[in-house]
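The lines below spell out each chain.
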Amino acid sequence: LQQVLFKNPNEPPMVFHWFPLIGSTITYGMDPPRWFKETRAKYGDCFTFILLGKKTTVYLGTQGNEFILNGKIRDVNAEDIYSVLTTPVFGKDVVYDCPNAKLMEQKKFMKIALTTEAFRSYVPIISGEVSNYFKRSPDFKGKSGVVNISPKMAQITIFTASHSLQGKEIRDQFDETLADLYHDLDMGFSPINFQLHWAPLPWNNRRDHAQRTVAKIYMDTIKARRARGGETDAQDIMYHLMNSTYKNGVKVPDHEIAHMMIALLMAGQHSSSSTSAWCMLRLASQPKIMDELYEEQVRVLGADLPDLQYEDLAKLPLNQAIIKETLRLHAPIHTILRAVKSPMPVPGTKFVVPTSHNLLAAPGVTSSDPHYFPNPEVWDPHRWSADSPNAPAMVKSYEEEEKIDYGYGLVSKGASSPYLPFGAGRHRCIGEQFANVQLQTIVAMTARHFRFRNVDGSDKVIRTDYTSLFSRPLEPAMIHWERRGE
Ligand code: HEM
């Protein structure tokens, strides 16, 4: 009754719920994409629901993506939402623990190290790590076997990312203490910490201890590098950050460099490891495509399969399409939130979103919409070649899009593409190219070594686990592997 009587005609419709604080938190949380679709069918693209006691206005579709992800800085704000979670994990004065203008400068510094030249040196590092992993891991001993692929991909992701982005010195510590410390940091990202981030609970104490210890490891490394002159070191991310200066003339302080190093590794870890696990699971459900991947490499690179180089990746379109198509259906960031800082009229409607609401964008909804992607529920990497009957109709390539600079290099100006797994606007991902290089190398190397299939030989696909902030395959995600040529 209250929901009917106190309905404000200038606000988007409120999704019906029984309990004032819980609202739709549970039904949303169990399967956000399904809930978005069902709720959209009843209420349209723009509606409000209660998420953990907070009025949250969802705006779906390409116009919704544009409205939220390209919102003006005076209207929308990410740090008010995320900093309770990220600041204790990354540390002070970086990312969401500083004004947006400073984040834009920090993104520029971090991006400088992610150049083509750097990627050229990363591909042999990443492929070497993958081969080594498959050689050494007891789970891949022998000619064939069954394995829970998700934790394996999590390890491969952290080894390849730390080695390429942070150097061998740091990578080697992942075999010892760093893996556990990063695990403790990770606990800080549990969704429950949106409420309990401050509480002196065991996992928060471990998070705080891990943050201090990891930051010290990086700061000691910085000091050691500086003491021996620094210039001779590899031009990795730490090197670039040590040589970066803010517009106001202040050099980036050591503690900020350390905290950015943590942020970079954490930002990529969940998204990339979930994506690589999904790639493997999708290949296991369609082994024919895994064979095609192998054949593509033999055709393009030669039957002796020489060591993979950065330039080779662009010559393997099916290998590239595996990542693209997997991110279309399994974008790990299914929900993007913003605080509303001034009342926001929704163009073309009578609605105004008040400052008491949060905004929620879900770009995954358009990337699985039949309006843009024929047979959207079919995982079909071939759809990304123009002559495919499933080719998307309205997705421009990055090169075709008009560009803008928010302070960290050129990005697409619009946010209304139906395909946005890396977000859009001032908060857009800076790790996209790195993630592509990393994931394409991992997939190519895995296809060289193995043939995967589902344990029961079927083509079914594992369900998604939405209980953490990043969606991922439900575990155990078992696959059957067989060494190629055995
Ligand atoms: C931001 C996705 C890998 C670093 C984002 C956003 C998305 C995203 C959707 C926007 C978040 C928002 O608007 O609130 C992904 C996916 C990845 C990936 C799908 C892999 C498949 C990486 C990697 C790195 C990275 C490897 C680091 C090397 C960042 C950073 C931001 C960001 C620094 C900016 C946050 C901000 O400005 O608020 N990413 N990411 N990401 N990502 Fe990624």
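Residues numbered from 1 in each chain as written. Predicted model: local features only at pLDDT ≥ 70, side-chain atom pairs only at ≥ 80, totals over all residues. Heavy atoms only, no water.

A four-donor tetrahedral metal ideally has 109.5 degree angles, and a six-donor octahedral metal ideally has angles of 90 or 180 degrees. If you check the protein contacts of the iron atom of the ligand, you find one donor only, C429 (SG), at 2.3 Å. With respect to the helices and strands, the residue C429 is situated in the loop between β10 (410-412) and α18 (432-449). (Donors = N, O, S within 2.8 Å, 3.2 Å for Na, K, Ca; no water. Helix = DSSP H or I, 4+ residues; strand = E, 2+ residues; numbered from the N terminus.)

The next point concerns helix α7 (residues 116-136). Given a rise of 1.5 Å per residue, 21 residues ought to cover 30 Å, and the 30 Å separating the end C-alpha atoms of α7 matches this to within 8%. All of the buried residues along α7 are A118, F119, Y122, V123, I126, S127, E129, V130, S131, Y133 and F134. For α7, the secondary structure elements touched by its buried residues are α8 (149-173), α15 (310-313), α18, β11 (450-453) and β14 (478-483). (Expected span 1.5 Å × (residues − 1). Buried < 20%, exposed > 50% of the residue type's maximum accessible area, 1.4 Å probe, protein only. Contact = heavy atoms within 4.5 Å.)

With respect to the secondary-structure elements, H357 resides in the loop between β7 (352-353) and β8 (358-361). Using a relative accessible area of 1% as the deciding quantity, one classes H357 as buried. With sequence-adjacent residues up to four places away left out, H357 is seen in contact with E11, T48, K54, K55, T57 and V340.

At a minimum axis separation of 10 Å, α7 and α8 run at an interaxial angle of 135°. Of the possible angle classes, the one that applies to α7 and α8 is oblique. The way α7 lies across α8 gives a crossing that is right-handed. Listed contacts from α8 to Y122, I125, I126, E129, V130, Y133 and F134 of α7 are K152, Q155, I156, F159, T160, H163, S164, L165 and R171. (Axes fitted to C-alpha atoms, helices over the stretch in contact; angles between N-to-C directions. Parallel < 35°, antiparallel > 145°, perpendicular 65-115°, else oblique. Left-handed = near helix turned anticlockwise from the far one by under 90°.)

Not every one of the 27 residues close to the ligand is listed here, only the nearest: Y96, K107, R338, H427 and C429. Between an oxygen atom of the ligand and a side-chain N or O atom of K107, the distance comes to 2.7 Å. In the environment of the ligand, an oxygen atom lies 2.5 Å from a nitrogen or oxygen atom belonging to the side chain of H427. At the level of secondary structure, the elements contributing two or more residues to the shell around the ligand comprise α6 (100-112), α13 (254-285), β5 (336-340) and α18. For the shell around the ligand, the element with the most residues is α13, which contributes 6 residues. (Near = heavy atom within 4 Å. Polar contact = N/O pair within 3.5 Å; in protein donor to acceptor, adjacent residues only side chain to side chain.)

Residues F36, F90, I149, Y182, Y218, I262 and F452 are the most contacted members of the largest nonpolar core, which totals 133 residues. The element that contributes the greatest number of residues to this core is α13, accounting for 16 residues. Those residues within four positions of I262 in sequence are excluded, and the remaining contacts are V89, F90, Y182, L185, Q211, V214, A215 and Y218. (Core = buried A, V, L, I, M, F, W, Y, C linked by side-chain atoms within 4.5 Å.)

With that settled, the discussion passes to the layout of surface pockets. Its boundaries defined by the atoms lining it, the second largest pocket holds a volume of some 1,300 Å³. In terms of lining residues, the second largest pocket is bounded by 48 residues, among which Q320, K324, Y398, E432 and N436 are the most central. Counting residues per element, the ones that place at least two in the lining of the second largest pocket are α7, α14 (287-301), α15, α16 (317-330) and α18. Here the lining of the second largest pocket takes 7 residues from α16, the largest share from any one element. A breakdown of the residues in the lining of the second largest pocket according to their chemical character gives 24 nonpolar, 13 polar and 11 charged. (1 Å grid on protein atoms, 1.4 Å probe; cavity = no way out; pocket = protein on both sides within 12 Å on 5 of 7 lines; lining within 4 Å. Points joined across faces, edges and corners; volume = space filled by probe spheres on them. Nonpolar A, V, L, I, M, F, W, Y, C, P; charged D, E, K, R; others polar.)

The interhelical angle for the contact between α13 and α18, taken along N-to-C directions, is 35°, at an axis separation of 11 Å. For the element pair α13 and α18, the recorded crossing hand is right-handed. Across from S272, T275, S276, C279, M280 and L283 in α13, the residues of α18 making contact are A435, Q438, L439, I442, V443 and T446. Class assignment for the residues of the contact of α13 with α18 results in 7 nonpolar, 5 polar and no charged.

It is worth spelling out the confidence of the model for the chain at this point. When the pLDDT values of the chain are averaged, the result is 93; 98% of them are 70 or greater. Overall fold confidence for the complex sits at a pTM of 0.95, while the interface term, ipTM, reaches 0.99. (pLDDT = per-residue confidence, 0-100.)

Moving on, we come to unusual backbone geometry. For the bond from E475 to P476, the omega torsion is 0°, close enough to zero to count as cis. Relative to the assigned elements, P476 resides in the loop between β13 (472-473) and β14. Unusually for a residue other than glycine, V95 sits at a positive phi of about 55°. Position of V95 relative to the elements: it lies in the loop between α5 (79-90) and α6.

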